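Reading the structure
Spelled out, the chains give:
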Amino acid sequence: MNRNIMDWPTFFGALFLLIAIAAPLVIIPEFGAAVVNAANTFVSKNLGALYLVIGMVLFIFLLYIAFSQYGRIVLGSRGVKPEFNTLTWAAMLFAAGIGSSVLYWGTIEWAYYFTGPPFGIEPESAEAVTWAATYGLFHWGPIAWAIYCLPALPIAYFFYVRRRPVLKISEACRPVLKKYADGPVGTIVDILFMFGLLGGAGTTMALATPLIAEGVNYFTGIEPNMVVNTIVLMLCTIIFAVSSYTGLRRGIRWLSNINLWLSFVLLGFILIIGPTVFLGNTMVNSIGTLADNFFKMSLWTEPFAGMDGFEETGFPESWTVFYWAWWLVYAPFVGLFVARISRGRTIREMIVGTLVYGTIGCALYFGILGNYGLYLELSGQYSVVDVLNNEGAPAAIIGTIAQLPGSALFVAIFVILAIIFLSTTFDSGSYILASVTQKEIDDEPERWNRLFWAFVLAAPSLVLMYLGGLETLQTASIVGGFPLIFIMIMLVISFTRAIKEDMPNTFGGKYFIYREDKD
Ligand code: NM2
């Protein structure tokens, strides 16, 4: 291998930061858990509002860009046609950006809101039911997808319009960083992005592993414990490492397709055989509730909590802030991926496509899986909440799916889907981490490098599982995602500067084409 192609400062910088943070947590776990939770409380309590404002600003900014004249800019040269048809594009976008968490939270999130509702509502009341069915759609809805879409804009623009082979976030920040993009400052930006992704991936995998272990328990009766979890985690790591090793055109594509079809089978079956009318009605009702309360939900900070006469729910920090942080840590990675598949689309198509298809995709999982669980609870057929309280979330999730007729088959599909969903996110994750640690890429990043990051991706999950507790898992994303707020702001400024400079009639400006232009 040609040693010069590696970007060693970024490679070792990210590794060093990861070890420096993970090692003390493992060596002194109680202290580790206390520090991590204190960091979480600090960021989410004191700076929570910042996350909410950033979410709203990005959403409005993207809508403005999409429907302004800039929305008509074509990502590519004159006469270029979209490389993938819209359905394939949407499926690839979804497979990369969404992992097994949509199965986990899609099935169970409502139960947390039902028992711990927002806005001071009585737990398990009629009103709590409405919010329980609605909040998931919001946390996996348009603002969340706006966070995902934002980095794709400058990356795709620099790649296809300015024709720079951009595979790094520091490149996309060039109009702000200027010459510093090539020096230590650029390296720090890339390291922080990698660190964030490792934190977010840790949250994902530390949730997915016990879920898969619970599925194994359903079939084998082996009780989930740390040893089983570790074995499951290692097996999953091997699967996505192989997929990443075989590359974009084989493993990654193959797994994405299976993923899509198995999802159709699972969701379609529940929709048809399950309580179809209830699922449809609840979904429509939730869309109405969400539309009516969109701004209130987006900017709810619970400012008077804890003061005389005001109850403190902790809902905004534990949920909305956590979610925005979690989407944030994945966003640059998804941005790199979306940019790659968007050649030939206009900026408007890319933005509207991401927001609309992404939101619809998540809404299908939440509307079908979640509302099915809600139906079981309300009809008295199976108390998801009791199982959640007594045996934990993984047992309640598998228990919900096991209520379907032909349960064994559907639990099997569900568990296989969880493994594949996890793999399709992590194989592209290790692929992108490998790309970022190379200066040059000869078709694909080096194989050993892809494999290396696949295993590194699994490490934070092991640590987090070991530390335990939902709060600790959520923390990894919140703390890892914090620097990403500033990187997002830089990306917005970079993109705005670049399109202004490149306006067709600007003195010295470069040239881009609008979709309506004739060849
Ligand atoms: N997001 C979509 O675990 C996963 O599904 C990966 C999680 C950011 C909440 C993404």
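Residues numbered from 1 in each chain as written. Predicted model: local features only at pLDDT ≥ 70, side-chain atom pairs only at ≥ 80, totals over all residues. Heavy atoms only, no water.

Under an unreviewed UniProt entry, the protein has the name Betaine/carnitine transporter, BCCT family and belongs to Salibacterium halotolerans. Within the UniProt record for the protein, the comment given under Sequence similarities (unreviewed entry) is "Belongs to the BCCT transporter (TC 2.A.15) family." On record in UniProt, under Subcellular location (unreviewed entry), the comment for the protein is "Cell membrane". (UniProt positions renumbered as here; feature names shortened; annotations may be inferred.)

With that settled, the discussion passes to the overall build of the protein. Counting its secondary structure elements, the protein contains 20 helices and zero strands. In the protein, which comprises 519 residues, the share counted as buried stands at 59%. Looking at the protein alone, contacts between residues at least 24 apart form 82% of all its contacts between residues at least 6 apart. In the structure as shown, the protein presents an accessible area of about 20700 Å², 66% of it carried by carbon and sulfur atoms. Positive and negative side-chain charges of the protein, numbering 28 and 34 respectively, have mean locations separated by a distance of 19 Å. (Helix = DSSP H or I, 4+ residues; strand = E, 2+ residues; numbered from the N terminus. Buried < 20%, exposed > 50% of the residue type's maximum accessible area, 1.4 Å probe, protein only. Contact = heavy atoms within 4.5 Å. Areas by Shrake-Rupley, 256 points an atom, 1.4 Å probe, with all protein chains shown as cover. Lys, Arg positive; Asp, Glu negative; His and termini not counted. Charge placed at Lys NZ, Arg CZ, Asp CG, Glu CD.)

Attention shifts here to the pattern of salt bridges. One pass over the full model with this rule turns up six salt bridges. Put simply, Asp 7 and Lys 168 hold a salt bridge, and the shortest N to O gap is 2.6 Å. With Asp 7 in the segment before helix H1 (8-27) and Lys 168 in the loop between helix H7 (142-161) and helix H8 (169-172), this pair connects stretches of sequence that are 161 residues apart. Taking relative accessible area as the criterion, Asp 7 reaches 11% and is therefore assigned buried. For Lys 168, a relative accessible area of 13% translates into the label buried. With its nearest N and O atoms 2.9 Å apart, the salt bridge here joins Glu 501 to Arg 162. Separated by 339 residues along the polypeptide, Glu 501 in helix H20 (residues 470-501) and Arg 162 in the loop between H7 and H8 bring together distant segments of the chain. The partly exposed category is assigned to Glu 501, whose relative accessible area is 41%. Residue Arg 162 is classed as partly exposed on the basis of its relative accessible area of 21%. Via salt bridges that share partners, Arg 162, Glu 501 and Asp 502 belong to a single interconnected network. (Salt bridge = Lys/Arg side-chain N within 4 Å of Asp/Glu carboxyl O.)

Turning to the packing of helix H10 (residues 184-220) against helix H19 (residues 447-467), a few remarks are in order. Two quantities define a packed helix pair, namely the angle between the axes and the distance from one axis to the other. Running from N to C, H10 and H19 point in directions that differ by 60°, and their axes come no closer than 7 Å. Note on packing geometry: the crossing formed by H10 with H19 is right-handed. Taken together, the residues of H19 that come into contact with H10 (itself represented by Met 194, Leu 198, Ala 201, Gly 202, Thr 203, Met 205, Ala 206, Thr 209 and Pro 210) are Trp 453, Val 456, Leu 457, Ala 458, Pro 460, Ser 461, Leu 464 and Met 465. Considering only residue class, the contact of H10 with H19 consists of 13 nonpolar, four polar and no charged. (Axes fitted to C-alpha atoms, helices over the stretch in contact; angles between N-to-C directions. Left-handed = near helix turned anticlockwise from the far one by under 90°. Nonpolar A, V, L, I, M, F, W, Y, C, P; charged D, E, K, R; others polar.)

Taken together, Gly 97, Ile 98, Gly 99, Ser 100, Ser 101, Trp 140, Tyr 148, Thr 204, Trp 326, Trp 327 and Tyr 330 make up all the residues around the ligand. Here an oxygen atom of the ligand sits 2.6 Å away from a polar atom, N or O, in the main chain of Gly 99. Within the side chain of Thr 204, an N or O atom sits 2.7 Å from an oxygen atom of the ligand. Contact with the protein chains removes 100% of the 310 Å² of surface that the ligand exposes when unbound. Among the elements that take part in the shell around the ligand, helix H14 (residues 315-341) stands out by supplying three residues, more than any other. Across the shell around the ligand, the residue classes tally to six nonpolar, five polar and no charged. (Near = heavy atom within 4 Å. Polar contact = N/O pair within 3.5 Å; in protein donor to acceptor, adjacent residues only side chain to side chain.)

Here we come to unusual backbone geometry. Here the phi dihedral of Phe 119 falls at roughly 55°; this positive angle occurs in a residue that is not glycine. In this structure, Phe 119 sits in the loop between helix H5 (101-115) and helix H6 (126-139). In this structure, Glu 302 takes a positive phi of about 55° despite not being glycine. The topology assignment puts Glu 302 in the loop between helix H13 (276-298) and H14.

Using the criterion set out here, one finds 49 aromatic pairs in the structure. Summarising the aromatic geometry, the rings of Tyr 135 and Phe 315 are spaced 4.9 Å apart at their centres and angled 65° between planes, so their arrangement reads as edge-to-face. A residue pair is termed long-range when its members are at least 10 positions apart, and Tyr 135 in helix H6 and Phe 315 in helix H14 qualify at 180 residues. The same class applies to Tyr 135 as to Phe 315, namely buried. (Phe/Tyr/Trp six-rings, centres within 6.5 Å; stacked < 30°, edge-to-face > 60°.)

Looking at the element boundaries, Arg 345 is found in the loop between H14 and helix H15 (347-378). An unpaired buried charge is present at Arg 345: no salt bridge exists, and Glu 349, the closest side chain of opposite charge, is 4.5 Å distant. Within the local environment of Arg 345, its side chain forms a polar contact with the side chain of Thr 86, the two groups lying 3.5 Å apart.

Bringing H5 into the picture now. Over its 15 residues, H5 extends 20 Å from the first C-alpha to the last, a length consistent with the 21 Å expected when each residue adds 1.5 Å. At Ile 108, H5 shows its largest bend, some 45°. Across the 15 residues that make up H5, a large majority, 13, are buried. (Expected span 1.5 Å × (residues − 1). Bend = angle between axes of the 7 residues up to and from the residue.)

Once that is clear, we can look at the side chain of Asn 371. Here Asn 371 is to be found in helix H15. Once you skip the residues sitting within four places of it in the chain, Asn 371 turns out to touch Ala 133, Phe 278, Leu 279, Thr 282, Met 283 and Phe 366.

Moving on, we get to the nonpolar core. In this structure, Trp 105, Leu 153, Tyr 323, Trp 324, Trp 327 and Tyr 330 are the most contacted members of the largest nonpolar core, which totals 175 residues. Residues in contact with Leu 153, not counting those within four places in the same chain, are Phe 61, Leu 62, Ile 65, Ile 347, Met 350, Ile 351 and Phe 495. The next biggest cluster of nonpolar side chains, apart from the first, holds five residues, and it includes Ala 22, Leu 25, Val 36 and Leu 467. (Core = buried A, V, L, I, M, F, W, Y, C linked by side-chain atoms within 4.5 Å.)

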